Every structure is written in structure tokens, then in C-alpha cells.
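Here is what each chain is made of, one letter per residue.
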Amino acid sequence: WNVCIMKKRIENLLLALLFLIVLVSEAFLTKDKQCLDDLFILHNTKENMSGPIHESDVEQYMTHLNNELGIPEQKLKYITSTLTQYPNLGKNIESIQEEAVIEDVEFLFDVLKYSYAGYSYFATEDVWKDLENRIISSIKMHDTTMNRDELIQMLCTNLNFIQDSHFKICGYSPIVRSHFYYNDTIEIEKDSRGYYVKDNRQKWYIQSIENNENVEYYIKPSLNAEGKLCYYLGLLDTQSHTHLNVVFQSNSKEYKTTIKVSRSESQINKNEKAYTYKMANNIPIITMGRMYNKNAEDHSVEEFVESAKKISNQELAILDLRGNTGGQSWGANVWFQNFTGDPQIPQFSTLKLWSKINTYGLWQAYQTAKENSLFPPEELLEVKAELSVVNPTENCWIFTEGKEEKKQNTTKLIVLLDGNTASAAENLVLYLNTLENVVFIGTNTLGCFFSNANMKCILPNSEIEISYGDQLTFTNNCIEGTGFQPDIWIGGQDALERTLAFLEKNGEYRVNE
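Residues numbered from 1 in each chain as written. Predicted model: local features only at pLDDT ≥ 70, side-chain atom pairs only at ≥ 80, totals over all residues. Heavy atoms only, no water.

1. Let's talk about the confidence of the model for the protein
Threshold: A score from 0 to 100, pLDDT tells how confident the predictor is in each residue. Per the convention used, a helix needs a DSSP run of H or I reaching at least four residues, while a strand needs a run of E reaching at least two, with both numbered from the N terminus. Note on definitions: a residue-residue contact is assigned when non-hydrogen atoms from the two residues lie within 4.5 Å.
Looking at the protein as a whole, the pLDDT averages 89, with 91% of positions reaching at least 70. Taken element by element, the predicted model of the protein shows its lowest mean pLDDT in helix H1 (residues 2-44) (49) and its highest in strand S23 (residues 488-489) (98). Confidence drops under a pLDDT of 50 for residues 1-7, and excluding neighbours within four residues, the segment shows zero contacts in the predicted structure. Per-residue pLDDT stays below 50 along residues 13-34; that stretch engages in two contacts with residues further than four places along the chain or on separate chains.

2. A closer look at the pattern of salt bridges
Rules: Any Lys or Arg side-chain nitrogen found within 4 Å of a carboxyl oxygen on Asp or Glu counts as a salt bridge. Whether a residue is buried, partly exposed or exposed follows from its accessible area with a 1.4 Å probe, protein chains only, as a fraction of its type maximum: under 20%, in between, or over 50%, in that order.
Per the stated rule, a full pass over the model turns up 18 salt bridges. Across the salt bridge formed by Lys 228 and Glu 187, the nearest N and O atoms sit 3.1 Å from each other. In this pair, Lys 228 is assigned in the loop between strand S8 (219-223) and strand S9 (229-237) and Glu 187 in strand S5 (residues 179-191), connecting sequence segments 41 residues apart. Owing to a relative accessible area of 34%, Lys 228 belongs among the partly exposed residues under this scheme. Judged by relative accessible area, which is 28%, Glu 187 ranks as partly exposed. In this structure, Lys 273 and Glu 303 form a salt bridge, with 2.9 Å as the shortest nitrogen-oxygen distance. Residue Lys 273 is located in the loop between strand S12 (262-263) and strand S13 (275-280), and its partner Glu 303 is located in helix H7 (residues 300-311); the two are separated by 30 residues in the primary sequence. Taking relative accessible area as the criterion, Lys 273 reaches 42% and is therefore assigned partly exposed. Assessed through its relative accessible area of 33%, Glu 303 is described here as partly exposed. Via salt bridges that share partners, Asp 184, Asp 494 and Arg 498 belong to a single interconnected network.

3. With respect to the sheet that holds strand S18 (residues 412-417)
Applicable threshold: For two strands to count as paired, DSSP must find a minimum of two bridges between them. Working convention: axes come from line fits to C-alpha atoms, limited for helices to the stretch in contact. Angles between N-to-C directions cover 0 to 180 degrees.
The strand order across the open sheet formed by six strands is S13-S14-S15-S18-S19-S23, and the pairing between neighbours is mixed. The open sheet terminates on both sides in strands that have one partner only, identified here as S13 and S23. Taken strand by strand, helix H12 (residues 495-505) contacts strand S14 (283-288), strand S15 (316-320), S18 and strand S19 (438-442), and its axis lies near 170° from that of S15.

4. Quick notes on the nonpolar core
How we decide: Residues enter a nonpolar core if they are buried and are Ala, Val, Leu, Ile, Met, Phe, Trp, Tyr or Cys, with the set joined through side-chain atoms within 4.5 Å.
Counting residues in each nonpolar core, the largest one holds 53 residues, and the members touching the most others are Ile 79, Leu 159, Phe 167, Ile 169 and Ile 466. Per element, the largest residue contribution to this core is 10 residues, and it comes from helix H3 (residues 98-115). With sequence-adjacent residues up to four places away left out, Ile 169 is seen in contact with Ile 152, Leu 155, Cys 156, Leu 159, Ile 464, Glu 465 and Ile 466.

5. A short note on the state of the cysteines
Let me state the cut-off plainly: The criterion for a disulfide is a pair of cysteine sulfur atoms lying within 2.5 Å.
Enumeration over the complete set of coordinates arrives at zero disulfides. Between Cys 170, a free cysteine, and Cys 156, which holds the nearest cysteine sulfur, the sulfur-to-sulfur gap is 7.4 Å.

6. Looking at the side chain of Thr 368
Here Thr 368 is to be found in helix H9 (residues 356-372). Residues in contact with Thr 368, not counting those within four places in the same chain, are Leu 83, Thr 84 and Leu 374.

7. Re the pairing of S18
When a strand is regular, its side chains alternate between the sheet's two faces. Within S18, six of the six residues are buried, which leaves the element mostly enclosed by the surrounding structure. Every second residue of S18 is oriented toward a common face, with Lys 412, Ile 414 and Leu 416 on one face and Leu 413, Val 415 and Leu 417 on the other, all of them buried. With five bridges joining them, S18 and S19 adopt parallel strand pairing. Its bridge partner lying in S19, Leu 413 is registered against Val 438.

8. Things to note about the sheet that holds strand S16 (residues 349-354)
One open sheet accounts for three strands, arranged S17-S16-S22; its pairing is antiparallel. The open sheet has two edge strands, strand S17 (396-400) and strand S22 (471-474), and neither has a second partner. If you compare each strand with its neighbour and ignore which way they point, the axes differ by 10° on average. Here S16 runs beside S17; their pairing, made up of five bridges, is antiparallel. When the bridges of S17 are listed, Lys 352 appears paired with Ile 398.

Rendered as C-alpha cells:
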């Protein structure tokens, strides 16, 4: 009888133990499953939408222009679009006569007033005129001739207040950039008391970083090499950093040290084909290296926009925009429409200058794109339709008020970014930022979004090339030179590998043996 009782107790104990194991297993499985959701929760916890910008907010930037061309008509031949390339500009020019240099400067300032959308955003008319006079005075202090490189340097120095990434002088932009500095060797954890690192079982809490007790500014959510969500030291700054000063505290003990940080490195895409699509155990991975076709044989943009349809009904997908320096916005617009199934794209507040010069420049762009098959046919039709409603005999400003709404989305989309994600690629990033179930991983983007790259002028005598935009876009989510900031920061070039490790760790992805 006692033996039977003992057996019964053992059986009950084993059943209870088995039940406990099942419960614990379910708890771990539930936690693992929640980790995928935790990835996307990091996006939802930050402010994602810009406040509305109204026309009254930007009226001061609308330079008052009469219906005049602004430059001599015979100099329209020096106005073109950024689609046209001039690889041999200035190669045969060493020195330029003083009168010719002054003529170039006066031409440049007239063009900017009647063609650059940021003219009154960055300075008043008086400031521009004073600056032009100072540059001319400096030119007159030279001998009777001036070196072309000297003039380029003079223009770059005097126009460095134009913090617009699309404004370039012979390819140089005066924008002050923010870079990401990070350390991913020391893993940081968090509890109710704050952020800490472990030394065996002892917790050392971070009291200050760079003498700042607001340590959250220097700590970023990340993924380690094994795919675990964690925290690392990270700082976005215009100043260069090699180390950060950190103060730790454990009980009554204090420990001060310097921790090495590295600057993030961005991808540079040199592949002829910008677009790739591959499946990794049922997870689509789309890579797009630029938003334009290189030539008539290149159909990367058309293939890219079709890829959105392939993933729109998937549970999970990865979109890799690292190193995508932009191009035309058409690809971003259509990809978003195909992904959401909605013809409406998010509308940001924009201010466009339709001047006589700019209308002429857009016609040049249209002809170049048509003759060289640089645009998909649908995009060419859009440009032609835009030109058809413009009055070429007047200068006018057109303001479009933004409308951003959070949209539902059932496909969990992971978007990879880096410091070379720019311009039209940032367009797509900001569109995706309005969707549910999207998370951004990597570093901040370039911050090349405030204007566009539609226009170009060539200074007649020095053959100096100036490129600039005819439109301004207003949004708080993409600051010029700083860019759009990700939800999860990974400073190295292994963002995709760490993302896949996370998905494998949490049962969403298995590496093929």
C-alpha cells in the first residue's frame, strides 16, 4: 500500500514538473515572440509625425519677383539641369580677367535670386547684396587676373551659410554634417534605477557622460552581433570624437574612465545594377542602391517599384537603402503606392519657385531625360504634365500644405539606413515613417532633403558649376545635415547581419546549413 502511495506521489510530482517545464517553455517562447514585436515597439515609442506647416509660416521666404527673366536672355544657355553632365568644365581655364570674374559673380547672384528657392530662407535681400559687394571688392584687391581655384574657394567660403545639402559649388556642399560615433564593445543594460554595465554580478550604474547627467542622450538601443536587443554608447554630433568620458557608480564607489568611440562608415554603391531581390528562408530582402537609371539599358528603378507588390502581402520583409544617394522621387513615390495599394502618398509642406528660369531648366531636364531614356515612360509623362500647366511668362511661388496621416500596414518592414541614404531615398524613408509596423535600423541618413537638385548653372567665364533646388520641403523628421534618425542604431556595416541574427534568434529566420 505504501509503495502504491509512493508511486502515485512520484507520478504526480513528475506530472507537476512536466507541467512546470511546459509553462516555463511557453514563457520563454512568448518572450522570444514578443522580442520581434519589441523591435517595432521601439519605433512606435518615438514621435514620428511632423507638425503642420502653413503658408503663413513660409510667406517670408517667397522672394518678391517681377515678371522679368532676371538675367540677360542670351545667358539662358548657361542654365541647365543636373541631368546634364559636363566632365571637362574648367580644364582649360587657369586664370581669368578681373572683369570676367566680376561678371560671373553678378550673374550667379542674379540666378540665385530668380531661381534658387532657398534665396530668402537663408538671407534677406540686403544681406545678399552686401555679400555680393564684399566678394567683388575682394576680387578687385587681386591683380588684373584671378585663378579659377581661388574663385571657387572664395565662393565656397562666402556662401557656407547656405546649409542646404543640394546646394553645391563644383560638387562641394558647405553643409555641416552630423556623424554617428559609437562603441559596440561594452554592452549596456537598463533597470528601474538606470543604465548600467555588469562586472561579474556587480552593477555599475552610469552617472554621467561627458559631464552630462542626462545619460540617455549618449545611449542608443542597438543589436549585438548575436542578434540580442541591447544598448550601446552612441552620439550624433557635428564635432569629431575619439573617446567619451564616463563616470560609473556602484554603491558608494565611483569609477571614472574614457571609452573609445568610432565614427560610423557608410556604404558606397559602385554596382552597375542598383536593384537586387532575394529570399532568405521566406524573408524577402530588397536592396536599392540609387533612385535613378544610369542609362537606357538600366531598368533598376522599374524593377524596384515592382518589388513592392511582391512583399505587400508578406508577413515580414527587409528593405536595404544603405548607400542609396537618391535620384528622382518617382521611384520612391511609386514604390510606396505599390506597397500600400493606395495611390495617395504622404504630402509634405512644400514651397516651389516656378520662375521663368526654372521653367526653362525643367524643359531642358525633360528633353535630356527623353533623348537619353533616363526616366521611365510614366515619369516622363508626369514631368510633361507638370510643365503643361506652368505659365512660362511669369514668376510665381506655389505652396502646398502637407498632410501626414498614420496608415495601417500589416507587413512588418525592416528598413536599413546609413549616412549615405539621401535625397529621394529619404523621401521613401519619410513616407514609410507614416506606416504602422515599420522599424528603421542603422544610422542617421545624410540629411539631403530640404531642397531638390533640379537646377544647375554654369558661370560663363570661369566655367564653375553651381547646382541648387527650385523647391523647399518642410518636415521636422529630417533635419538638413543630420537626417532621419533610426529606431535601432548600428554603427558598423553589419546591420543586415545583426538583423538576420535577431530574426534567427527569435524564430523568424533560419540560416541555411
